[in-house]
Amino acid sequence: MALGGAAAPLTGCDLFDRDQEPPAPDALEPLAAEALALEARYRAAATAAPALAGRLTPIADAHKAHAEELRRVIGRPAPSGTPAAAGSASAPAPDAVLTELRQAEQEGRTNAAKACAEAPAERAALLGSIAAARATHVEALK
Amino acid sequence: MNPTKSPSPAQALADALAAEYAAIWAYGVIGVHLTGAARTAARAAEAAHRSRRDALLLQLAEGSGQVPADRAGYALPYPVTDRAGALRLAVEIEERTAGHWRAALAHTSGVERNTALAALTDCALRATRWRRTAGVTPVTVPFPGRPA
């Protein structure tokens, strides 16, 4: 009888030992990591150049809020080993700080705009706001 | 995001068009209370909103949906009698228009979504510049166009 095969004992690694495929990382993980890295850069820059703190801290707070919203939308905790962004340890001149942050922000804006273009409808508005916010950060650093 | 309130792409763009009409009208009020560089910026902003309006009119005319007409006038949220009031209205009108473009993102894709994002970003940038002109800090908001 053909049924005999089905009744054969489950061998070794068939049912329970099969390697669990880890879920594919969410497409927004890079953007969430970038938001945290940007937040860290602004906090480090505000510490290094206290005269700029009034301008930099609200932007750091915005990146933190972006990271939190992205995490909520992703719906799972951050993958382990997400590096806390390495802030530069040196204390460069305020002009250099602003130039570097503008460049990072400009890159971030491009990444968020790309994510918005590729996103399903229910994520498009959040990603659009993040891209627009990053554009305004570049403006605020001028 | 409210899934029960899900306008068609044409409706989302018609809403953006209505917001652009209102912005163009508002800048007429705003401009008269400004001078110098701020007045020039108001004129440039009005021209940018006219460009968005014209592009939307073309886009909607190509579709089968209704193209809303402009109104003769709009009610101001408060009397605008001086520079401070004009700058406050400018910030609000840009955030409001940003909100309509933001809403259009979910109902568009491809080139249309990129256009909506560009419009949202432009509004957010102008709102930031108006806050700076008005001396409002911080000059940015965390989520441009998102309803408060």
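Structure: above.
Residues numbered from 1 in each chain as written. Chains lettered and ligands numbered in written order. Predicted model: local features only at pLDDT ≥ 70, side-chain atom pairs only at ≥ 80, totals over all residues.

1. As for the overall build of chain B
Move 1: Tallying secondary structure elements over chain B gives 4 helices and 0 strands in all.
Move 2: Taken from N to C terminus, the helices and strands of chain B fall in the order α-α-α-α.
Move 3: In terms of C-alpha radius of gyration, chain B reaches 15 Å, essentially the compact-globule figure of 15 Å for 148 residues.
Move 4: Summarising its shape, the C-alpha atoms of chain B cover approximately 40 × 35 × 25 Å along the three principal directions.
Move 5: Looking at chain B as a whole, 41% of its 148 residues qualify as buried. (Helix = DSSP H or I, 4+ residues; strand = E, 2+ residues; numbered from the N terminus. Rg over C-alpha atoms; globule rule 2.2 N^0.38 Å. Buried ≥ 20, exposed ≤ 12 C-beta atoms within 10 Å, placed from the backbone.)

2. Description of the overall build of chain A
Move 1: Scanning chain A from N- to C-terminus turns up 5 helices and 0 strands.
Move 2: The secondary structure elements of chain A, listed N-terminal to C-terminal, are α-α-α-α-α.
Move 3: Residues classed as buried in chain A amount to 34% of the 142 residues present.
Move 4: Here the contacts in chain A between residues at least 6 apart in sequence split such that 74% fall between residues at least 24 apart. (Contact = placed C-beta atoms within 7 Å.)

3. Describing the interface of chain B and chain A
Move 1: Of the residues lining the interface, 22 residues belong to chain B; the matching set on chain A comes to 21 residues.
Move 2: Elements that contribute at least two residues to the side of chain B that touches chain A include exactly helix H3 (83–105) and helix H4 (110–134) of chain B.
Move 3: Here the side of chain B that touches chain A gets 9 residues from one element, more than from any other, and that element is H4(B).
Move 4: Here the side of chain B that touches chain A is composed, by residue class, of 13 nonpolar, 5 polar and 4 charged. (Nonpolar A, V, L, I, M, F, W, Y, C, P; charged D, E, K, R; others polar.)

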